[in-house]
Amino acid sequence: MQITSKALQAVLLAAAKNDIRTYLNAVLINSKHIVATDGARMHVLAHGADWQHGPILVPRESVELALKSKLAHIVITPNLIGAVNYTAVVGIFPDYKCGMPKLPATADIGPVHTQCNPDYLKDAVKAVGLATQNPRADVSLTSVGGTLVWCDGHFMAVVMPLRDTEKYGKIARLVPIA
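Every value quoted in this text rests on a predicted model; they were computed, and no experiment measured them.

Visitor: Sorry if this is basic, but what is going on with helix 3 (residues 118-132) here?
Guide: For the α-helix, the turn length of 3.6 residues means that residues three or four positions removed from each other point alike. For helix 3, which comprises 15 residues, the first-to-last C-alpha distance of 21 Å matches the rise-based estimate of 21 Å (1.5 Å per residue) to within 8%. Where helix 3 is buried, its residues meet helix 1 (5-12), strand 4 (41-46), strand 10 (147-151) and strand 11 (155-159). In this structure Asn117 caps helix 3, since a side-chain oxygen of it lies 2.8 Å from the backbone nitrogen of Asp119.

Okay, here's the thing in structure tokens:
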């Protein structure tokens, strides 16, 4: 399979770093999607490529090394990403489809206050720019039950809500525009 570096970067922004749940320190590749999550956000890319190897977890570090090559496209096989050999992460990746909110019709969207990590919002906006290859893309997140979602049918960025904390307080409250 061949994927653009920018699309791979977009997904990687949501992958965990040094998580005790080792399967989150990886990017899932299956027959339809490339997915990364750290448990609080998720980026999903519909790759449209021919992948017949079954689901595989590519270590985050291997993806990062492959992206350092600065190639426009990265070739991925079950043991090679770009020019980087890797050993797949052993583990069961979360059922990401359960974390993909169903977007309501526009008429169903109302003002919802959502508390979220501002760093994750920043990464979601950056990921949309990378995935759409338009760094100045307008990003309008939809609140679905408090979860913020951006989706164009090809790429989805999901930011889960937070509870009030001492660190973030009330700084990231968003109200969707009607």
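There is more to say after this.
Visitor: Whenever I open this one, the sheet that holds strand 11 confuses me. Can you help?
Guide: Strand pairs in the sheet, formed through backbone hydrogen bonds, run parallel or antiparallel to each other. Taken in spatial order, the seven strands of this open sheet run 5-2-3-4-11-10-9, and their pairing is antiparallel. Single-partner strands in this sheet number two, and they are strand 5 (56-59) and strand 9 (142-144). Direction aside, neighbouring strands of the sheet carry axes that sit 25 degrees apart on average. Relative to strand 11, strand 4 runs antiparallel, the two being bridged by five bridges. Its bridge partner lying in strand 11, His43 is registered against Ala157. Sheet strands touched by helix 2 (residues 60-67): strand 2 (26-29) and strand 5. Its angle to strand 5, the strand with the most contacts, is close to 65 degrees.

Visitor: In this structure, what is going on with the nonpolar core? I would like to understand it.
Guide: Within soluble globular proteins, side chains that are nonpolar tend to cluster in buried spots. One finds Ile34, Ile81 and Phe155 to be the most contacted residues of the largest nonpolar core, which totals 41 residues. If one sorts the elements of this core by residue count, helix 3 sits on top with seven residues. Contact partners of Ile34, with chain neighbours within four places excluded, come to Met1, Ile3, Leu8, Val11, Val27, Leu28, Ile29, His43, Val44, Leu45 and His47. Counting 13 residues, the second largest nonpolar core, distinct from the first, contains Val44, Leu57, Tyr96 and Val158.

Visitor: Explain the packing of helix 1 against helix 2 to me, please; I cannot follow it from the model alone.
Guide: In helix packing, the relevant descriptors are the interaxial angle and the interaxial distance, both defined with respect to the helix axes. Here helix 1 crosses helix 2 at 145 degrees, and the two axes come no closer than 11 Å. You can see that helix 1 and helix 2 cross each other, and the crossing is left-handed. Counting all contacts with helix 1, which are made through Ser5, Leu8, Gln9 and Leu12, the residues of helix 2 involved are Arg60, Val63, Glu64 and Leu67. Taken together, the residues that form the contact of helix 1 with helix 2 break down as four nonpolar, two polar and two charged.

Visitor: Hey, could you run me through the pairing of strand 10 in this one?
Guide: The side chains of a regular strand alternate, first on one face of the sheet and then on the other. Most of strand 10 sits inside the fold, with four of its five residues counted as buried. Connecting the antiparallel pair strand 9 and strand 10 is a turn made up of two residues, with Gly145 showing a positive phi of about 60 degrees. Hairpin connection between strand 10 and strand 11: a loop of three residues separates the two successive antiparallel strands, and Gly153 in this loop has a positive phi of roughly 90 degrees.

Visitor: Whenever I open this one, the pattern of salt bridges confuses me. Can you help?
Guide: Pairing between side chains of opposite charge can happen when their charged atoms approach one another. Going through the model one piece at a time under the given rule, you end up with four salt bridges. Salt-bridge contacts for Arg41 lead to Asp38; the nearest nitrogen and oxygen are separated by 2.9 Å. Exposure remark for Arg41: the relative accessible area of 8% places this residue in the buried category. A salt bridge links Glu64 to Arg60; its shortest N-O distance comes to 2.9 Å. You can see Glu64 and its partner Arg60 sitting in helix 2, four residues apart, about one turn around the helix. Through salt bridges that share partners, Asp38, Arg41 and Asp123 make up one connected network.

Visitor: Looking at this structure, how should I read the environment of Ala7?
Guide: Summarising the element assignment, Ala7 is placed in helix 1. Counting along the chain gives 121 residues from Ala7 to Val128, while the straight-line C-alpha distance between them is 9.1 Å. In contact with Ala7, other than residues within four places in its own chain, are Leu45 and Leu130.

Conventions and cut-offs
Residues numbered from 1 in each chain as written. Predicted model: local features only at pLDDT ≥ 70, side-chain atom pairs only at ≥ 80, totals over all residues. Heavy atoms only, no water. Helix = DSSP H or I, 4+ residues; strand = E, 2+ residues; numbered from the N terminus. Expected span 1.5 Å × (residues − 1). Contact = heavy atoms within 4.5 Å. Polar contact = N/O pair within 3.5 Å; in protein donor to acceptor, adjacent residues only side chain to side chain. Pairing = 2+ DSSP bridges. Axes fitted to C-alpha atoms, helices over the stretch in contact; angles between N-to-C directions. Core = buried A, V, L, I, M, F, W, Y, C linked by side-chain atoms within 4.5 Å. Buried < 20%, exposed > 50% of the residue type's maximum accessible area, 1.4 Å probe, protein only. Left-handed = near helix turned anticlockwise from the far one by under 90°. Nonpolar A, V, L, I, M, F, W, Y, C, P; charged D, E, K, R; others polar. Salt bridge = Lys/Arg side-chain N within 4 Å of Asp/Glu carboxyl O.

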